[in-house]
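Structural description and commentary
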Amino acid sequence: MRLDKFLKVSRIIKRRTVAKEIADKGRILVNDRPAKSSTDVRANDTLVIKFGNKTLTVQVLQLLDTTKKQDAENMYKIISEDYEQDFSER
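If you're wondering where the values come from, they're calculated on a predicted model, not measured in any experiment. (Residues numbered from 1 in each chain as written. Predicted model: local features only at pLDDT ≥ 70, side-chain atom pairs only at ≥ 80, totals over all residues. Heavy atoms only, no water.)

Strand order in the open sheet made by the five strands is β2-β1-β3-β4-β5, with antiparallel pairing throughout. The strands lining the two open edges of the sheet, one partner per strand, are β2 (33–34) and β5 (76–83). The pairing of strand β1 (residues 28–30) with strand β3 (residues 46–51) spans three bridges and is classified as antiparallel. The partner of valine 30 across the bridge, within β3, is leucine 47. (Pairing = 2+ DSSP bridges. Helix = DSSP H or I, 4+ residues; strand = E, 2+ residues; numbered from the N terminus.)

This is how it looks when you write it as structure tokens:
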């Protein structure tokens, strides 16, 4: 499955166009390699996604072409969620 489609179907990123844009800017790594939006994603792959201040690391558990909102979380497991700056203490 394409990386941009996986991100949309799993609801990690809400829109496929946004997922494509982030991937093509080199802000996503698949198994520690820079990935484009057309990169194939398989089960057990590790994705590192950089959203501005936040870095999200997930492991792909399963691939589904379509899914309901409550089932989308079953497609991946969050390994870590890191922030460059923590604004929550203010």
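Below, the discussion takes up the nonpolar core. In terms of nonpolar packing, the biggest core is built from 20 residues, with Leu3, Phe6, Leu7, Ile12, Ile28 and Leu47 touching the most fellow members. Listed by contribution, the elements that provide at least two residues to this core are α1 (3–9), α2 (16–24), β1, β3 and β4 (54–60). In this view, leucine 3 contacts Ala23, Ile28, Val30, Ala35, Lys36, Ser37, Thr39, Val41 and Leu47; residues no more than four positions away in its chain are not counted. (Core = buried A, V, L, I, M, F, W, Y, C linked by side-chain atoms within 4.5 Å. Buried < 20%, exposed > 50% of the residue type's maximum accessible area, 1.4 Å probe, protein only. Contact = heavy atoms within 4.5 Å.)

In most cases, non-glycine residues show a negative phi, while peptide bonds are predominantly trans. Although it is not a glycine, asparagine 31 sits at a positive phi angle of roughly 55°. Turning to its location among the elements, asparagine 31 is positioned in the loop between β1 and β2. Look at asparagine 31 and you get partly exposed, because its relative accessible area is 37%. Its identity as a non-glycine residue notwithstanding, aspartate 32 has a phi of 65°, on the positive side. Mapped onto the fold, aspartate 32 is located in the loop between β1 and β2.

Take the pattern of salt bridges next. Enumeration according to the criterion identifies six salt bridges in this entry. Here arginine 16 ties to aspartate 4 by a salt bridge, and the two come within 3.3 Å at their closest N and O atoms. Placement of arginine 16 in helix α2 and of aspartate 4 in helix α1 is noted, with a sequence separation of 12 residues between them. By relative accessible area, which is 33% here, arginine 16 ends up partly exposed. Aspartate 4 sits in the buried class, given a relative accessible area of 3%. (Salt bridge = Lys/Arg side-chain N within 4 Å of Asp/Glu carboxyl O.)

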